[in-house]
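# Structural overview for review
Listed below, chain by chain, are the residues.
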Amino acid sequence: QGFSARAMPTTRCLLPLSLGLSLLELSSGSLPRRFAALYTSTRSRLRPRALHSPGKLVRMKKEGEEGVVCHPESSICRKIRELETESWYSPPVWMRNPHVHTIVAALARKTPAIRFRRDILDTADGGKIAVDVMLGLNDTSTNPKVPRDEDKWLVLTSGLSGGSQDSYVQSMCKSAYEKGWNVVVLNMRGCGQSPVTSPRFFSAMRGSIDDLKLTVRHVREKLAQKTSNPTVASIGWSMGGSIVGNYLAFQDSPDFHLSERIQAGAALAAPFDMILADKSLNRNSFNRLVYDRNLARKLVTMINQHVPLLERHGGVLGMSGEVVDVDLEALSRAESVREIDELLTRRSFGYPTVDAYYKDVSLRHRLHKVASPLLVVSALDDPIADANGIPLDVFRENKKLLLVATRHGGHLGWCDSNSADAAQQRWCAGWVENVSLKYLDAVLEDAHHSCTH
């Protein structure tokens, strides 16, 4: 059954007027001091010799501060440099402060309503995941139906506690749909109003990898029945970006069936080092109040809706099928993501400590294993996904990787200046969406050309 989803704010926080004005006064365009050392130490590494002239995709404004990083002999990089795209990303002047940028993107971004059909998939542990299949845009008068390419399928995975209702997800849905992609959105367990029927939620890797495998298999075996060998790509944001990257690192193992493979992926605003991301959330009182506490409240609200189910089972379901005891009362009072990961996530998914969980899910530790094309787009001023965690050397050594590092963008931002149709959409991320989708088209075309010759 179809339903329409209007994009919802990704963060619900009420800022006092005085605080909001103070943030705007800070938007001078200067980067936080903690990135100064990063720029100094990576001035040469952020600009490999092979990319001395980056071509049409990017235009470096200042050496060492932003640009592309990849293997100097990468065929993918050569292909990307031939693309025609807009000039290098530049935000509205008043959004150059990363906190202003992040908050505006979360609270004020608006996109046209998307029409979805929800498919409910059964998991091996008795749970369910909700996969929303895009049917089109609500306003078909101004956005006529675009012919679909039955061979092209795109699986989207949102950030922590997000889903198909998030504005950045719906903005990408619209862009991908208009470029001929068939789009599906994976809502992690309990997110996006998806049902929870087993006492297990999600993590940044264990469990979530299996749920993504189930979604990809559903696309290949059920949704793309009109073609024998569909192309499946995936884009993830923040934690979802880490899941996509880890998925690509794992998918050449014997545990993956051919029907579960994706040909290419993109990770946007993904934290490479979850321990650094945790420190970013707790760097100061502002980050703790606006980012960490807000994320925690959304997670606690979602978990509290399913406390009766957890009580009936006596806890949460472990990875081996055992029941793991959880202090539900303490969990209901949690005020930080780390508290939730200590009380719930690391116990449910078999980690001895929170830091062991964060280390295991950190993409930087297995990025070298990625054997399929992966685009990573990171904003160097991201207040959550710390840029110091970016493993630049790995991008220079692995031919399947391409990093696009922008000076500005905040977390899940990359807002464009508003267009004439601001009543329908505003503060969308057209630049990063265009780069991501053109990347996927380019590498998949290159792979198809290689197979036919």
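The following refers to the structure shown. (Residues numbered from 1 in each chain as written. Predicted model: local features only at pLDDT ≥ 70, side-chain atom pairs only at ≥ 80, totals over all residues. Heavy atoms only, no water.)

## Topic: the overall build of the protein chain
Within the protein chain, the regular secondary structure consists of 15 helices and 12 strands. A total of 453 residues make up the protein chain; the buried ones form 59% of that total. Looking at the protein chain alone, contacts between residues at least 24 apart form 78% of all its contacts between residues at least 6 apart. (Helix = DSSP H or I, 4+ residues; strand = E, 2+ residues; numbered from the N terminus. Buried < 20%, exposed > 50% of the residue type's maximum accessible area, 1.4 Å probe, protein only. Contact = heavy atoms within 4.5 Å.)

## Looking at the side chain of Ser 348
Considering the arrangement of structural elements, one finds Ser 348 in helix H12 (residues 337-348). Excluding anything up to four places from it in sequence, Ser 348 contacts Arg 200, Val 316, Leu 317, Gly 318 and Met 319.

## Considerations on the side chain of Thr 227
Positionally, Thr 227 belongs in the loop between helix H6 (208-223) and strand S7 (231-237). Classification of Thr 227 by relative accessible area gives buried; the value is 15%. When near neighbours in sequence (up to four residues on either side) are disregarded, Thr 227 contacts Glu 150 and Asp 151.

## A few points about the pattern of salt bridges
Evaluation of the coordinates by the stated rule reveals 22 salt bridges. Between Glu 73 and Lys 399 there is a salt bridge, and its shortest N-O distance comes to 4.0 Å. Here Lys 399 lies in the loop between helix H14 (392-397) and strand S12 (401-406) and Glu 73 lies in the loop between strand S2 (67-70) and helix H3 (75-81), a separation of 326 residues in the sequence. In this structure, Arg 261 and Asp 252 form a salt bridge, with 2.7 Å as the shortest nitrogen-oxygen distance. A relative accessible area of 23% places Arg 261 in the partly exposed class. What makes Asp 252 partly exposed here is its relative accessible area of 45%. Where salt bridges share partners, they join Asp 125, Arg 189, Arg 200 and Asp 211 into one cluster. (Salt bridge = Lys/Arg side-chain N within 4 Å of Asp/Glu carboxyl O.)

## A short note on the pairing of strand S6 (residues 182-187)
The buried fraction of S6 is high, at six of six residues. With burial as the criterion, each face of S6 is covered, one bearing Asn 182, Val 184 and Leu 186 and the other bearing Val 183, Val 185 and Asn 187. Sheet topology note: the strand S4 (residues 128-137)/S6 ladder contains four bridges and is antiparallel. When the sheet's bridge partners are listed, Asp 132 is paired in S6 with Val 185. Traced from strand S5 (residues 152-157) through helix H5 (residues 167-178) to S6, the parallel crossover comes out right-handed. (Pairing = 2+ DSSP bridges. Right-handed = clockwise from strand over helix to strand, strands pointing away.)

## A closer look at the pairing of strand S3 (residues 114-122)
Direction of pairing for S3 relative to S4: antiparallel, over a ladder of nine bridges. Bridge pairing links Asp 119 to Val 131 in S4. Hairpin geometry of S3 and S4 is characterised by an intervening segment of five residues between the two adjacent antiparallel strands and by a positive phi of about 90 degrees at Gly 126.

## Concerning the packing of helix H8 (residues 274-281) against helix H13 (residues 354-361)
Describing two packed helices takes the angle between their axes plus the distance from one axis to the other. Taken N-terminus to C-terminus, the directions of H8 and H13 make an angle of 120 degrees; their axes are 7 Å apart at the nearest point. As judged from the angle between their axes, H8 and H13 are oblique. Judged by residue contacts, Met 274, Ile 275 and Asp 278 of H8 engage Asp 355, Tyr 358, Lys 359 and Val 361 from H13. In terms of residue class, the contact of H8 with H13 is made up of four nonpolar, no polar and three charged. (Axes fitted to C-alpha atoms, helices over the stretch in contact; angles between N-to-C directions. Parallel < 35°, antiparallel > 145°, perpendicular 65-115°, else oblique. Nonpolar A, V, L, I, M, F, W, Y, C, P; charged D, E, K, R; others polar.)

## Section: helix H9 (residues 285-304)
Count 3.6 residues to each turn of an α-helix, and residues three or four apart come out pointing the same way. The largest bend in H9 amounts to roughly 30 degrees and is located at Arg 293. Backbone nitrogen of Phe 286 and a side-chain oxygen of the N-cap are separated by 3.2 Å at the start of H9; the cap is Asn 284. (Bend = angle between axes of the 7 residues up to and from the residue. Polar contact = N/O pair within 3.5 Å; in protein donor to acceptor, adjacent residues only side chain to side chain.)

## Side note on H12
Residues Val 337, Ile 340, Asp 341, Leu 343, Leu 344, Thr 345, Arg 346 and Ser 348 constitute the buried set of H12. Buried-residue contacts for H12 involve H8, H9, strand S9 (316-317), helix H11 (328-332) and H13. Positive phi shows up at Gly 350, right after H12, with a value of about 80 degrees.

## With respect to the environment of Ala 130
Relative to the assigned elements, Ala 130 resides in strand S4. Linking Ala 130 and Gly 192, residues 62 residues apart in sequence, is a C-alpha distance of 8.1 Å. Setting aside anything within four residues of it in sequence, one finds Ala 130 in contact with Arg 118, Asp 119, Ile 120, Val 185, Leu 186, Asn 187, Ser 194 and Pro 195.

## Focus: the packing of aromatic side chains
A complete count under the given rule lists nine aromatic pairs for this structure. Ring centres of Trp 88 and Trp 431 lie 5.5 Å apart, and the angle between their planes is 75 degrees; this geometry places the pair in the edge-to-face category. In this pair, Trp 88 is assigned in the loop between H3 and helix H4 (98-108) and Trp 431 in helix H15 (residues 430-452), connecting sequence segments 343 residues apart. Across the pair, exposure class does not vary: Trp 88 and Trp 431 are buried alike. Members of the aromatic cluster, connected to one another through ring pairs, are Trp 88, Tyr 89 and Trp 431. (Phe/Tyr/Trp six-rings, centres within 6.5 Å; stacked < 30°, edge-to-face > 60°.)

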